[in-house]
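One-letter residues, chain by chain:
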Amino acid sequence: LDEKYNILSLDNLIYNQDIKTRSYYNDHSYSFKKIDIRDEYLDIIDFSKFKSIILFAGLVGDPITKKYPELSIEINEKSIIRIINHCIKFDNINIIFISTCSNYGFIKENLYASEKHELNPLSIYAKSKVKIENYLISHNSVLNSTILRFATAFGLSERMRFDLTLNEFTKDIYLKKKLEVYDADTWRPYCHVRDFAKLISIILSSPKNLIKNEIFNA
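Here we summarise the structure given alongside this text.

Section: the state of the cysteines
Line of reasoning, step 1. Inspection of every chain in the model, using the stated rule, returns zero disulfides.
Line of reasoning, step 2. Lacking any disulfide linkage, C101 is separated from the closest cysteine sulfur, that of C191, by 10 Å.

In structure tokens form, the structure reads like this:
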């Protein structure tokens, strides 16, 4: 990233990745707390000192939310709404909500979706994202928020995910496994993790009048 930030990261380390997390961010500008957003933790963090809250938290993707629907609702909806309600108390905070392009569902051939395209969420994961988007929009008068509808990510990371199609395909090819190309006729948008990071940096450094209560496809 071009700019230097003072970052507090909250994660419940569900995949037991705490050692990698702490060794990877060996920087005075980064601090970490092991916290599950389902817990009542809000009072132990001074939200007034933050300029922005980036909401990445959640069970991510269709397969895991389909497998654990009740847990998905608890994390991806109820807990996120609780954080939003807490942030409303602080006028200086801009919420950046990481949503998904899955909100559009299946789009007809030769048609590109702008941010004004009708939403048609088909999965539990996407439906939860749309619910949070609508909740943010309904509080536009008392909240500064920016919604980023992410494409599917790919790329290397210290905490590698292989449930993302390009990463999964690359791993399976390396291991000489048979590739399963599901929904073979579907066009999918992809974005590298570094480009997502640059986009978030742009949002953080943009004048408030350009990003306040806006939605951007990513």
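Describing helix α5 (residues 165-174)
Line of reasoning, step 1. Turning to α5, its buried residues number three or more, namely T165, N167 and D172. Buried residues of α5, viewed axially, fall in a sector of 160 degrees; they line one side. Exposed and oriented more than 90 degrees from the buried face of α5 are T170, I173 and Y174.
Line of reasoning, step 2. Lining the buried residues of α5 we find β6 (152-154) and β7 (190-192).
Line of reasoning, step 3. Count one or two residues on from α5 and you reach K176, which has phi positive near 60 degrees.

Quick word on the packing of aromatic side chains
Line of reasoning, step 1. Per the counting criterion, the structure on display carries three aromatic pairs.
Line of reasoning, step 2. Residues F47 and F50 carry aromatic rings whose centres are separated by 6.0 Å and whose planes lie at 85 degrees to one another, so their mutual orientation is edge-to-face. Neither F47 nor F50 differs from the other in exposure class; each is buried.
Line of reasoning, step 3. With a centroid separation of 3.8 Å and an interplanar angle of 10 degrees, the aromatic rings of F150 and F196 are classed as stacked. Taken as a pair, F150 in strand β5 (residues 144-150) and F196 in helix α6 (residues 193-205) lie far apart in primary sequence, 46 residues in all.
Line of reasoning, step 4. Its relative accessible area of 5% is what places F196 among the buried residues.
Line of reasoning, step 5. Three or more aromatic residues link up through ring pairs in this structure, and these residues are F47, F50 and F90.

Thresholds applied
Counting from 1, residues in each chain are numbered in the order their sequence is written. Note on the predicted model: pLDDT of at least 70 is required for a residue's local features to be given, and 80 or more for side-chain atom pairs to be given and counted; whole-chain, interface and lining totals, by contrast, use all residues. Side-chain metrics rest on all non-hydrogen atoms present in the structure, leaving aside hydrogens and water. Here, the term disulfide refers to a pair of cysteine sulfur atoms separated by no more than 2.5 Å. Relative accessible area decides the class of each residue, using a 1.4 Å probe on protein chains only: under 20% of the type maximum gives buried, over 50% gives exposed, and in between gives partly exposed. A run of DSSP states H or I qualifies as a helix once it reaches four residues; a run of E qualifies as a strand once it reaches two. Both are numbered from the N-terminal end. Think of it as the arc spanned by the lines of direction from the helix axis to the C-beta atoms. Note on contacts: a residue pair is in contact if any heavy atoms of the two residues lie within 4.5 Å. Planes of paired rings set the category: under 30 degrees apart is stacked, over 60 is edge-to-face and the rest tilted, where pairs are Phe, Tyr or Trp rings (Trp by its six-membered ring) whose centres lie within 6.5 Å.

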